[in-house]
Amino acid sequence: MQVALKIDVDTHEGLKTGVPAMAAMLSREGVTASFYVAMGNDNSGKAIRRIITNRGFLTKMFRTRAVSMYGWRTILSGTLLKARPVALAFPGLLRDLNDRGFEVGVHGYDHVRWQDRIDELGEAGIAQELEDAFEVYRAVFAQEPHGYAAPGWRANAVSMRLVDRAGLLYHSDTRGKTPFIPWIDGAALSTPEIPTTLPTLDEVLGRERLPNAAAVAHFYLNRMDAGRLNVHTVHAETEGIGQLQSFTALIHAMKEAGAEFLRLDAVAARLDRKSIPVCPVVRATLPGRSGWIAAQGDPAAVSA
Ligand SMILES: [Zn+2]
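Below or above, wherever it landed, is the structure these notes cover. (Residues numbered from 1 in each chain as written. Predicted model: local features only at pLDDT ≥ 70, side-chain atom pairs only at ≥ 80, totals over all residues. Heavy atoms only, no water.)

This part takes up the overall build of the protein. Regarding its fold elements, the protein presents 12 helices and 13 strands. Per-residue burial for the protein yields a buried fraction of 54% across its 304 residues. For the protein, long-range pairs separated by at least 24 residues make up 75% of all intrachain contacts whose partners lie at least 6 apart in sequence. (Helix = DSSP H or I, 4+ residues; strand = E, 2+ residues; numbered from the N terminus. Buried < 20%, exposed > 50% of the residue type's maximum accessible area, 1.4 Å probe, protein only. Contact = heavy atoms within 4.5 Å.)

See the structure below:
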């Protein structure tokens, strides 16, 4: 069983508190992972204000303990309080992750702007987000990133073409089953897409009764496919702060099941581009998540 852990870091607090805790636990367990960090400002207060008006928000807020997880500083960031930088606030921490053998990739510039407004930004707006994000990455690491993970699994034809032109090893923008080559507007892109294959903990906790860490580990292990690559996205703000115990229990369970842990750049390096399917990217909704996400479509829908 192969497992790639994709750790999304959306906020200042997530990077400051969640990432060091997760990295320490993973190092102790001898497990590698890939971190994707928002390179620009933390405007997460805007996103939280938006979901507050959604139906079912309060149930989710209580079950996932959003306030204890994010803290009021994050909930108000970019609204009542000034937005704080994410990556640029902790460049030493990011370089340290890299030195310790973790992969660090790009998770957009302004996470909230990308997630909420990708369809309004247009080609120039999306190009600007990518340019700003890659510029911060270069400033921190003095090298080019290998991977991009779209904030909120939101991608459209314009963003996919622009990311494709960045010359990365791979991107991880969608939810799906297997790595694939995206088919966009009648043409195949050149960069492979490695989709997230499992539901996220915040999606699961809003719907399932999982009373303890062992129940969470059991839930995930039951959904993992021994025959192929499992890509699990976790969040610095969730598994790194309030749910570190559940995440640690899951790591133990996967190790006991004989999992081989891979960074996503290592997955990409092993891919045989000629043998992976060419698939369209479609919009879908997921149980426990509000709004649409980009998903791997049916390869049969691609006409040569
Ligand atoms: Zn994110």
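Let us look at empty space enclosed by the protein. A complete count under the given rule lists 2 cavities of 30 Å³ or more for this structure. There is about 40 Å³ of room inside the largest cavity. Lining the largest cavity, in full, are L201, V216, Y220, H232, V234, E239, S246, F247 and L250. Only helix 9 (213-223), strand 10 (229-235) and helix 11 (244-256) provide two or more residues apiece to the lining of the largest cavity. Tallied by class, residues from the lining of the largest cavity come to 6 nonpolar, 2 polar and 1 charged. (1 Å grid on protein atoms, 1.4 Å probe; cavity = no way out; pocket = protein on both sides within 12 Å on 5 of 7 lines; lining within 4 Å. Points joined across faces, edges and corners; volume = space filled by probe spheres on them. Nonpolar A, V, L, I, M, F, W, Y, C, P; charged D, E, K, R; others polar.)

One open sheet holds the 4 strands; their spatial order is 9-8-12-13, and the pairing between them is mixed. The sheet terminates laterally at strand 9 (187-188) and strand 13 (293-296), the two strands that pair on one side only. Here 3 bridges tie strand 8 (residues 181-184) to strand 12 (residues 278-284), and the two strands are oriented parallel to one another. If you follow W183 over to strand 12, its bridge partner there is P280. (Pairing = 2+ DSSP bridges.)

This brings us to the pattern of salt bridges. This model, assessed by the stated rule, comprises 15 salt bridges. K255 serves as the salt-bridge partner of E29, at 2.8 Å between the closest nitrogen and oxygen. Linking E29 in helix 1 (residues 12-29) with K255 in helix 11, this pair joins segments that are 226 residues apart in sequence. E29 sits in the buried class, given a relative accessible area of 17%. (Salt bridge = Lys/Arg side-chain N within 4 Å of Asp/Glu carboxyl O.)

Moving on, we get to the packing of helix 1 against helix 5 (residues 91-99). For the pair helix 1 and helix 5, the least separation of the axes is 11 Å and the interaxial angle reads 20 degrees. The orientation of helix 1 with respect to helix 5, classified from their angle, is roughly parallel. In the packing of helix 1 onto helix 5, the handedness of the crossing is left-handed. In contact with L15, V19, P20 and A23 of helix 1, helix 5 contributes L93, L94 and L97. (Axes fitted to C-alpha atoms, helices over the stretch in contact; angles between N-to-C directions. Parallel < 35°, antiparallel > 145°, perpendicular 65-115°, else oblique. Left-handed = near helix turned anticlockwise from the far one by under 90°.)

As a further point, take the coordination of the zinc ion. Summarising the metal site, the zinc ion is bound by the protein donors D10 (OD), H107 (NE2) and H111 (NE2), whose distances to it range over 2.1 to 2.2 Å. Sequence spacing of the donor residues for the zinc ion, all on one chain, is D-x96-H-x3-H. (Donors = N, O, S within 2.8 Å, 3.2 Å for Na, K, Ca; no water.)

Further remarks concern the pairing of strand 12. In terms of strand pairing, strand 12 meets strand 13 through 4 bridges, oriented antiparallel. Each residue of the ladder has a partner; that of V281, found in strand 13, is Q296.

Once that is clear, we can look at unusual backbone geometry. Its identity is not glycine, yet A142 carries a phi of approximately 55 degrees, on the positive side. Mapped onto the elements, A142 comes out in the loop between helix 6 (111-141) and strand 6 (147-148). For D185, which is not glycine, the phi torsion reads 50 degrees and is therefore positive. The topology assignment puts D185 in the loop between strand 8 and strand 9. You can call D185 exposed: its relative accessible area is 62%.

Looking now at the nonpolar core. By size, the foremost hydrophobic cluster in this structure holds 66 residues, and its most contacted members are L5, L26, V37, L94, Y148, I251 and M254. A total of 11 residues in this core trace back to one element, the largest contributor, which is helix 6. Apart from residues no more than four positions distant in its own chain, L26 is found in contact with L5, I7, V31, A33, F102, F247 and I251. By size, the runner-up hydrophobic cluster in this structure holds 14 residues, among which are A149, V231, L271 and I276. (Core = buried A, V, L, I, M, F, W, Y, C linked by side-chain atoms within 4.5 Å.)

Keep in mind these values describe shape, not function.
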